[in-house]
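If you want the building blocks of each chain, they are given just below.
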Amino acid sequence: MATLELIPDHFQHIVRLLNTNVDGNRKVAFAFRMVKGIGVRFSFLCCKKAGVDPARRAGSLTIEEIERLSDVFADPLKYKIPSWFLNRQRDPKTGKTEHVTSNVVDIKLRDDKERLKKIRANRGVRHAYGWRVRGQHTCTTGRGGRVMGVTKKK
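Note that the structure is predicted; figures quoted are calculated from it, not measured. (Residues numbered from 1 in each chain as written. Predicted model: local features only at pLDDT ≥ 70, side-chain atom pairs only at ≥ 80, totals over all residues. Heavy atoms only, no water.)

Student: What is the right way to look at the packing of aromatic side chains in this model?
Tutor: Two numbers describe a pair of aromatic rings. These are the distance of the centres and the angle of the planes. Scanning all chains against the criterion turns up six aromatic pairs. Judged by centre distance (4.8 Å) and plane angle (40°), the rings of Tyr-129 and Trp-131 are tilted. On the accessibility criterion, Tyr-129 (52% relative accessible area) is exposed. Here a set of aromatic residues connected by ring pairs shows up, and it is made of Phe-32, Phe-42, Phe-73, Trp-84 and Phe-85. (Phe/Tyr/Trp six-rings, centres within 6.5 Å; stacked < 30°, edge-to-face > 60°. Buried < 20%, exposed > 50% of the residue type's maximum accessible area, 1.4 Å probe, protein only.)

See the structure below:
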């Protein structure tokens, strides 16, 4: 028989964090995966640094706990999270190591692709043509829906 969890009075079914709607029924560490740039391991580590139990439901978090978590997400180096754990190390423009989330991930990715195209690097040229970038075989795969083959004679 399944146990029934009591829903507290301040339970939120949708939690707003870093410009993203997060499902309040999921556990904290897994709910924050909905924010772009935050994975499970980073979410568990940030919960530990912010002093939040990752087994709790995200909707049961108080406003102070959400603010602490968003502060850890915004500046993880201040909370002694190692730099190899962050997703933006040695940024080409600024040289800083930081962790980018939500729409900043898309902006940084677009800037990186534009920088590669501008300097005419091999990766940039392949991005510009829409070809495979990471060394995959392209002879027979990824033809983009074009029909190849021999037609039958009547």
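Student: Even after reading the chapter, I still don't get the pattern of salt bridges, so can you show me in this structure?
Tutor: Charged atoms that come close allow side chains of opposite charge to pair. Under the criterion given, the structure shown has eight salt bridges. Here Glu-65 and Arg-56 are joined by a salt bridge, their closest N and O atoms 2.9 Å apart. Exposure remark for Glu-65: the relative accessible area of 13% places this residue in the buried category. For Arg-56, a relative accessible area of 25% gives the class partly exposed. Note that Lys-78 and Asp-71 form a salt bridge whose closest N and O atoms lie 3.5 Å from each other. (Salt bridge = Lys/Arg side-chain N within 4 Å of Asp/Glu carboxyl O.)

Student: Is there a simple way to think about a positive patch on the surface in this case?
Tutor: Together, Lys-93, Arg-115, Lys-118, Arg-123 and Arg-134 make up a region of like positive charge exposed at the surface. The class for Arg-123 is partly exposed, based on a relative accessible area of 48%. (Patch = residues over 30% accessible without salt bridge, like charges linked within 9 Å, V, L, I, M, F, W, Y side chains within 5 Å. Areas by Shrake-Rupley, 256 points an atom, 1.4 Å probe, with all protein chains shown as cover. Lys, Arg positive; Asp, Glu negative; His and termini not counted. Charge placed at Lys NZ, Arg CZ, Asp CG, Glu CD.)

Student: Looking at this model, I keep getting lost on the pairing of strand E2 (residues 20-23). Mind explaining?
Tutor: Walk down a regular strand and you will see the side chains alternate between the two sheet faces. Here E2 shows one buried face, formed by Thr-20 and Val-22, and one open face, formed by Asn-21 and Asp-23. Sheet analysis places strand E1 (residues 14-17) next to E2, joined by four bridges and oriented antiparallel. Bridge pairing in E2 links Arg-16 to Asn-21. Two successive antiparallel strands, E1 and E2, enclose a turn made up of two residues, where Leu-18 displays a positive phi of approximately 55°. (Helix = DSSP H or I, 4+ residues; strand = E, 2+ residues; numbered from the N terminus. Pairing = 2+ DSSP bridges.)

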